[in-house]
Amino acid sequence: MRSFCVRETFRVLRCPTAAEDAAQEALARAWLKWDRCHEEERRAAWLGAIARNEALRLRARQHGRREVPLEEDDGAGVPQAEPGASVAERLEVRRAVGHLKEVDQELVRLRYFEDLPHAEVAEQMGMTEATVRVRLHRLRRRLERELGDQAAA
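So, here is what we can say about the structure in this document. Because the structure is predicted, anything quoted here is derived from the model rather than measured. (Residues numbered from 1 in each chain as written. Predicted model: local features only at pLDDT ≥ 70, side-chain atom pairs only at ≥ 80, totals over all residues. Heavy atoms only, no water.)

1. Thoughts on the packing of helix 5 (residues 102-113) against helix 6 (residues 118-125)
Moving on, step 1. Running from amino to carboxyl end, helix 5 crosses helix 6 at an angle of 145°, the nearest separation of the two axes being 10 Å. Note that helix 5 runs across helix 6; the crossing there is right-handed. For the pair helix 5 and helix 6, contact is made by Val 103, Glu 106, Leu 107, Leu 110 and Arg 111 and by His 118, Val 121, Gln 124 and Met 125, respectively.
Moving on, step 2. Within the contact of helix 5 with helix 6, the residues separate by chemical class into 5 nonpolar, 2 polar and 2 charged. (Axes fitted to C-alpha atoms, helices over the stretch in contact; angles between N-to-C directions. Helix = DSSP H or I, 4+ residues; strand = E, 2+ residues; numbered from the N terminus. Left-handed = near helix turned anticlockwise from the far one by under 90°. Contact = heavy atoms within 4.5 Å. Nonpolar A, V, L, I, M, F, W, Y, C, P; charged D, E, K, R; others polar.)

2. What to know about the pattern of salt bridges
Moving on, step 1. Enumeration according to the criterion identifies 14 salt bridges in this entry.
Moving on, step 2. Arg 135 is the salt-bridge partner of Asp 104, the closest N and O atoms lying 2.8 Å from each other. Of the two residues, Asp 104 sits in helix 5 while Arg 135 sits in helix 7 (residues 129-152), which places them 31 residues apart along the sequence.
Moving on, step 3. Between Asp 115 and Arg 111 there is a salt bridge, and its shortest N-O distance comes to 3.9 Å. The burial state of Asp 115 is the same as that of Arg 111; both residues are buried.
Moving on, step 4. Through salt bridges with shared partners, a single network forms among Glu 8, Arg 11 and Arg 52. (Salt bridge = Lys/Arg side-chain N within 4 Å of Asp/Glu carboxyl O. Buried < 20%, exposed > 50% of the residue type's maximum accessible area, 1.4 Å probe, protein only.)

3. Description of helix 1 (residues 2-13)
Moving on, step 1. If you check helix 1, its first and last C-alpha atoms are 16 Å apart, about what 12 residues at 1.5 Å a residue would give, namely 16 Å.
Moving on, step 2. Along helix 1, the positions that sit buried rather than exposed are Cys 5, Val 6, Glu 8, Thr 9, Val 12 and Leu 13. Axial view of helix 1: buried residues confined to an arc of 165°, hence all on one face.
Moving on, step 3. Buried positions along helix 1 lie against helix 2 (16-33) and helix 3 (43-62).
Moving on, step 4. Positive backbone phi, approximately 60°, marks Arg 14, located one or two places after helix 1. (Expected span 1.5 Å × (residues − 1). Arc of directions from axis to C-beta.)

What follows is the structure, given as structure tokens:
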């Protein structure tokens, strides 16, 4: 698992030392949340997403930013409906998220790109945790409909 995480983080950071640091953080985060991934066949994709998110966090800190804006992301951290989604699929997700209101984009970024728990997202956004959960649920449904409509066209 360590070598897998290092490969994933290196794809984002392009620096062996930084990739190793991000991989260690990713492994620690994954270990703490291991029981949340119930499907054995999806564990590699789940772990890869955590590793890429840690790499993006480290890259943002290296550049003196608190976050990586959606438009500057290289696509590695874009949520994927299926493991191994194509570049075109990732770009479609990014485009769809870009059409959301600014506050909704921030919710998506904090929860899925920054991988923050609902409670932290709520605190940063000045909302209740229940509000964050409901809004994210509605946003996921909206994005699924929009992306599904485009796939059918």
